Amino acid sequence: MDKHSISVVAAVPDGLAGSLPRRSGCEVQSLSFMLPQSSSLASARYAFDGVRAQIRDLHTENIANLAVRARELGDVIALWYGEGDMATPVFIRDAAKAAFDEGLTFYVPNMRGHAPLNEALSEYQTRIHGRPIPISRTTVTPGGMQALFLALDLLVDTGTNVVYVAPQWPNIHNAIHLIGGEPRPFSLDFKGDWQLDLERLFATCDARTRAIFLSTPSNPTGWTASREEMQALLDFSRRTGIWIISDEVYGRLYFDGDVAPSILQIAEDGDRVLSVNSFSKAWAMTGWRVGWLTHASGVADQLGAMTQYVNSGTAAPIQAGAVAAIRQGEPLVEEIRQRIKTGLDLAYGRLAEIPGIVLPKKPRGGMYAFFAMEGESDARRVCAKILETAHVGLAPGHLFGNSSTAFLRMCVCRDRDQIATALERMVAAMN
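Quick caveat: nothing in here was measured; it's all calculated off a predicted structure. Every residue gets a number counted from 1 within its own chain, in the order that chain's sequence is written. Reporting of local features is limited, given that this is a predicted model, to residues whose pLDDT is at least 70; pairs of side-chain atoms are given and counted only at 80 or more, and all residues count toward the totals for whole chains, interfaces and linings. Excluding hydrogens and water, the side-chain figures rest on all heavy atoms present in the structure.

1. What about unusual backbone geometry?
At the junction of T216 and P217, the peptide bond is cis and its omega measures out at -10° in the coordinates. Here a helix means four or more residues in a row that DSSP labels H or I, a strand means two or more in a row labelled E, and each is numbered from the N terminus. Position of P217 relative to the elements: it lies in the loop between β10 (209-215) and α10 (227-240). Residues N219 and P220 are joined by a peptide bond in cis, for which omega reads 25°. Take P220: it is sitting in the loop between β10 and α10. A positive phi angle, near 55°, is found at D75, a position not held by glycine. Whether a residue is buried, partly exposed or exposed follows from its accessible area with a 1.4 Å probe, protein chains only, as a fraction of its type maximum: under 20%, in between, or over 50%, in that order. By relative accessible area, D75 is classed as exposed at 57%. Phi at H391 takes a positive value of approximately 55°, unusual for a residue other than glycine. As for its position among the elements, H391 is in the loop between α14 (380-390) and β16 (392-393).

2. Remarks on the sheet that holds strand β11 (residues 243-247)
The strand order across the open sheet formed by seven strands is β5-β13-β12-β11-β10-β6-β7, and the pairing between neighbours is mixed. At either margin of the open sheet sits one strand with a lone partner, and together these are β5 (138-141) and β7 (182-187). Within the sheet, the average angular offset between the axes of one strand and its neighbour, ignoring direction, is 20°. In the sheet, β11 pairs with strand β12 (residues 273-278) via four bridges, with the strands oriented parallel. Along β12, the bridge assignment pairs D247 with V276. At least two bridges found by DSSP between two strands are what make those strands a pair. In this analysis, axes come from line fits to C-alpha atoms, helices being fitted only over the stretch in contact, and the angle between any two N-to-C directions falls in the range 0 to 180 degrees.

3. Points about the environment of T204
The topology assignment puts T204 in helix α9 (residues 198-204). In the structure, T204 is positioned 20 residues away from R184 in sequence and 8.4 Å away in space, judged by C-alpha atoms. The residues touching T204, leaving out its near neighbours within four places in the chain, are V163, R184 and F186. Throughout, a contact is declared for two residues whenever any of their heavy atoms are within 4.5 Å.

4. A short note on the packing of aromatic side chains
Any aromatic ring pair is given by two values, namely how distant the centres are and how the planes are angled relative to each other. Aromatic rings from Phe, Tyr and Trp, with only the six-membered ring used for Trp, were paired whenever their centres fell within 6.5 Å, and each pair was classed as stacked if the ring planes differed by under 30 degrees, edge-to-face if by over 60, and tilted otherwise. Considering all chains together, one arrives at 14 aromatic pairs under this definition. Residues Y124 and W283 carry aromatic rings whose centres are separated by 5.9 Å and whose planes lie at 70° to one another, so their mutual orientation is edge-to-face. Taken together, the residues span a long stretch of sequence, with Y124 in helix α6 (residues 115-129) and W283 in the loop between β12 and β13 (291-294) at a distance of 159 residues. Look at Y124 and you get buried, because its relative accessible area is 4%. On the basis of relative accessibility, which here comes to 1%, the residue W283 falls in the buried class. Summarising the aromatic geometry, the rings of W194 and F407 are spaced 5.1 Å apart at their centres and angled 50° between planes, so their arrangement reads as tilted. Of this pair, W194 sits in strand β9 (residues 194-195) while F407 sits in strand β18 (residues 407-411), and the two are 213 residues apart along the sequence.

5. Notes on the packing of helix α13 (residues 330-351) against helix α15 (residues 416-430)
Axis separation between α13 and α15 bottoms out at 10 Å; the angle between their running directions is 15°. Judged by the inter-axis angle, α13 sits roughly parallel to α15. The handedness of the crossing between α13 and α15 comes out as right-handed. Residues T342, G343, L346, A347, R350 and L351 of α13 lie in contact with α15, whose contacting residues are R416, I419, A420, L423, E424, M426 and V427. With respect to orientation, any angle under 35 degrees is reported as roughly parallel, any angle over 145 as roughly antiparallel, any angle of 65 to 115 as roughly perpendicular, and every other angle as oblique. Handedness of a helix crossing follows the sense of rotation of the near helix relative to the far helix, less than a right angle counterclockwise being left-handed and clockwise being right-handed.

Below you can see the structure in the form of structure tokens.
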């Protein structure tokens, strides 16, 4: 293929151009490369080959792909997403509307959060965790995923790894990879229930491990770390310098108390601990995209700068809605928690009627039933059968890692009648 040679003078950041002369903080370098003919410039492959390796290698299969067949079938009860069916309550929506009406449509001056929300989060976390968590330890983000990404970006270099507890929400593996780290899964043991072997977990870490990541309560299993396990993780961090990143998005959707055991209940301000959280699940605000990261005060300035460069802060009206959720939303949290408990009770009662069902011990938190079928090593076939015959959409376990390929995830944070109908269809189809 004919090519055209061109020369470009490029400014290259310090340290990337060897011994070239420095000019105002940059290296100046003359680059020559071969450009294909214009007819080839439109080639998708040519553009793709110019993308960073971590982006080219990203997994592109996700739960959304399952919805294609559902649209063709119609009348499908979609229980594969991690989202409830309750619209955000009026008191939260009204707070955001009021902020718009007041003209709060400008930049938020503090990248780490608008003062009312920072104050509300400090008071809230201090109350539920039973120890002071000042404003300096919280950074507001546009969604829990952004909080997670900031946490990883704060720590992970190319060539380092993050050990994460699996089965796990696929975004974790892919976010570690996207940043340039090595995602290193560590599987919970399954012996009728999901259990964490701390000795094996710690042995999975090495000199290149920057962090241990866990979700508690877990998506998808509902496994929840005990206070003793949290203490062991914190002690390990203090011995080794390895960070603990605790995803506590489902922390209020816990059935043995008001809040699940949290790393924030035992960690000191200076500990290498990060807690990821979100308004999405416990306050029915998935589409609002607002969350927060709780961290040591010593990294607050760095996180503020990172926020400026990554997303320039979270919109003021969205933060106003979040303030209302925190200050007035305890009855809502309890309502959602009870909604999930009802869904789980229904699921465990009816799923037990299906021959060959493998039901773990009922989870202590989260919003999912996570179960398997005897003799099935890959749940994709079972999911397809249930979709075709029962018109119920479930998520196959391979999406959450190699340790859960036999499992299916069912979101139970739904209207009681919808869950009952879905289960009725599944029992009929599988018998």
